[in-house]
Amino acid sequence: PGISRHAMAVPPMEIRLLDRHDAPAYRALRLQALRDSPHAFSASHEDEAGRSVDEVAARIMPAADGSVCVLGIFESGVLAGFVALIHPQRQKLRHGAELAGMYVAPAVRRRGLGTALLQAAIARARSIDGVRQLGLSVNAANAGARALYRSAGFVAWGVRPQALQVDGALYDEEHLLLRFDAGS
């Protein structure tokens, strides 16, 4: 009662692979991320602003060989966050996968979307035959992101000093790993 059929059709939160239809929303959110959190990404707003929607669509489409996909989290049908899952196809590297470019819009933070998106990415990585570990890198000054990753079981294994330079400031990058074969 009081809820339209249309409102019922849109789940409050949905996580799925992005496809070419999501390119405009992804492009807009990615540019927002690069503008608002430049120290959280190796790409810059200037690097990405010139990409057409078609170029973005090609980048977010799941790769046919399974090497790359981008998961998006939607709140009430609106893209609210994303993360890329990269699975190397070289034989010597196939046992690992990497997360990259995770972002959740500030307006929806602290509602569990980041945790849900991270758990979905971990589950997808675990489902890939032969993958035994999942890695990522994070700005060492980003306490919130580091806490999120640690809460999911990631363990730090090293720091690359001065890995990123943004507006003249240097930032260290912490490397984290979640091992699936260690009972996690």
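These remarks concern the structure in this document. (Residues numbered from 1 in each chain as written. Predicted model: local features only at pLDDT ≥ 70, side-chain atom pairs only at ≥ 80, totals over all residues. Heavy atoms only, no water.)

Some points on the pairing of strand 2 (residues 68-75)
Logical step 1: Where burial is concerned, most of strand 2 is hidden: 6 out of the 8 residues are buried.
Logical step 2: Here strand 1 (residues 13-17) runs beside strand 2; their pairing, made up of 5 bridges, is antiparallel. Paired with Ile15 across the bridge in strand 2 is Ile73.
Logical step 3: By the bridge criterion, 8 bridges tie strand 2 to strand 3 (residues 78-86) in an arrangement that is antiparallel. Bridge pairing in strand 3 places Val70 opposite Ala84.
Logical step 4: The antiparallel pairing of strand 2 with strand 3 creates a hairpin that spans 2 residues between the two strands, and Ser76 there sits at a positive phi of about 50°. (Buried < 20%, exposed > 50% of the residue type's maximum accessible area, 1.4 Å probe, protein only. Helix = DSSP H or I, 4+ residues; strand = E, 2+ residues; numbered from the N terminus. Pairing = 2+ DSSP bridges.)

Quick notes on the sheet that holds strand 4 (residues 96-104)
Picture the strands of a sheet paired through backbone hydrogen bonds; they go either parallel or antiparallel.
Logical step 1: The strand order 1-2-3-4-5-7-6 describes an open sheet built from 7 strands, whose pairing is mixed. The sheet is open, and its two edges are formed by strand 1 and strand 6 (155-166), each paired on a single side. Adjacent strand axes in the sheet meet at a mean angle of 25° when their direction is disregarded.
Logical step 2: On top of the sheet, helix 6 (residues 143-151) reaches strand 4, strand 5 (133-139), strand 6 and strand 7 (169-179); it is set at about 165° to strand 5, its chief contact. (Axes fitted to C-alpha atoms, helices over the stretch in contact; angles between N-to-C directions. Contact = heavy atoms within 4.5 Å.)

Quick word on the packing of helix 2 (residues 23-36) against helix 4 (residues 53-60)
Logical step 1: Packing of helix 2 against helix 4 brings their axes to within 9 Å, and their N-to-C directions diverge by 95°. Taken as axis vectors, helix 2 and helix 4 run roughly perpendicular relative to one another. Here helix 2 contributes Ala23, Pro24, Tyr26 and Arg27 to the contact with helix 4, which in turn contributes Val53, Val56, Ala57 and Ile60.
Logical step 2: Per-class residue counts for the contact of helix 2 with helix 4 are 7 nonpolar, no polar and 1 charged. (Parallel < 35°, antiparallel > 145°, perpendicular 65-115°, else oblique. Nonpolar A, V, L, I, M, F, W, Y, C, P; charged D, E, K, R; others polar.)

Here's the deal with the pattern of salt bridges
Logical step 1: With the rule as written, the count across this model stands at 9 salt bridges.
Logical step 2: Between Glu14 and Arg16 there is a salt bridge, with the nearest N and O atoms lying 3.8 Å from each other.
Logical step 3: On the accessibility criterion, Arg16 (27% relative accessible area) is partly exposed.
Logical step 4: Note that Asp22 is salt-bridged to Arg16, the shortest N-O span being 2.7 Å.
Logical step 5: Overall, the relative accessible area of 8% leaves Asp22 in the buried class.
Logical step 6: What you see here is one network of salt bridges that share partners, running through Arg30, Glu48, Arg51 and Arg59. (Salt bridge = Lys/Arg side-chain N within 4 Å of Asp/Glu carboxyl O.)

A few points about the layout of surface pockets
Logical step 1: Here the largest pocket is characterised by a volume of approximately 1300 Å³.
Logical step 2: In this structure, the largest pocket is lined by 47 residues; those nearest its centre are Phe41, Gly101, Met102, Tyr103 and Tyr149.
Logical step 3: If you tally residues by element for the lining of the largest pocket, the top one is strand 4, at 6 residues.
Logical step 4: For the lining of the largest pocket, the residue count by class is 27 nonpolar, 11 polar and 9 charged. (1 Å grid on protein atoms, 1.4 Å probe; cavity = no way out; pocket = protein on both sides within 12 Å on 5 of 7 lines; lining within 4 Å. Points joined across faces, edges and corners; volume = space filled by probe spheres on them.)

With respect to empty space enclosed by the protein
Logical step 1: Tallying each qualifying case throughout the model produces 1 cavity of 30 Å³ or more.
Logical step 2: The space that makes up the largest cavity amounts to roughly 30 Å³.
Logical step 3: Residue lining of the largest cavity: Tyr26, Arg27, Arg30, Leu31, Glu48 and Val56, and that is the complete set.
Logical step 4: Of the residues forming the lining of the largest cavity, the biggest block, 4 residues, is contributed by helix 2.

Focus on the side chain of Ser67
Logical step 1: Here Ser67 lies in the loop between helix 4 and strand 2.
Logical step 2: Among the polar contacts made by the side chain of Ser67, one reaches the side chain of Asp65 at a distance of 2.6 Å. (Polar contact = N/O pair within 3.5 Å; in protein donor to acceptor, adjacent residues only side chain to side chain.)

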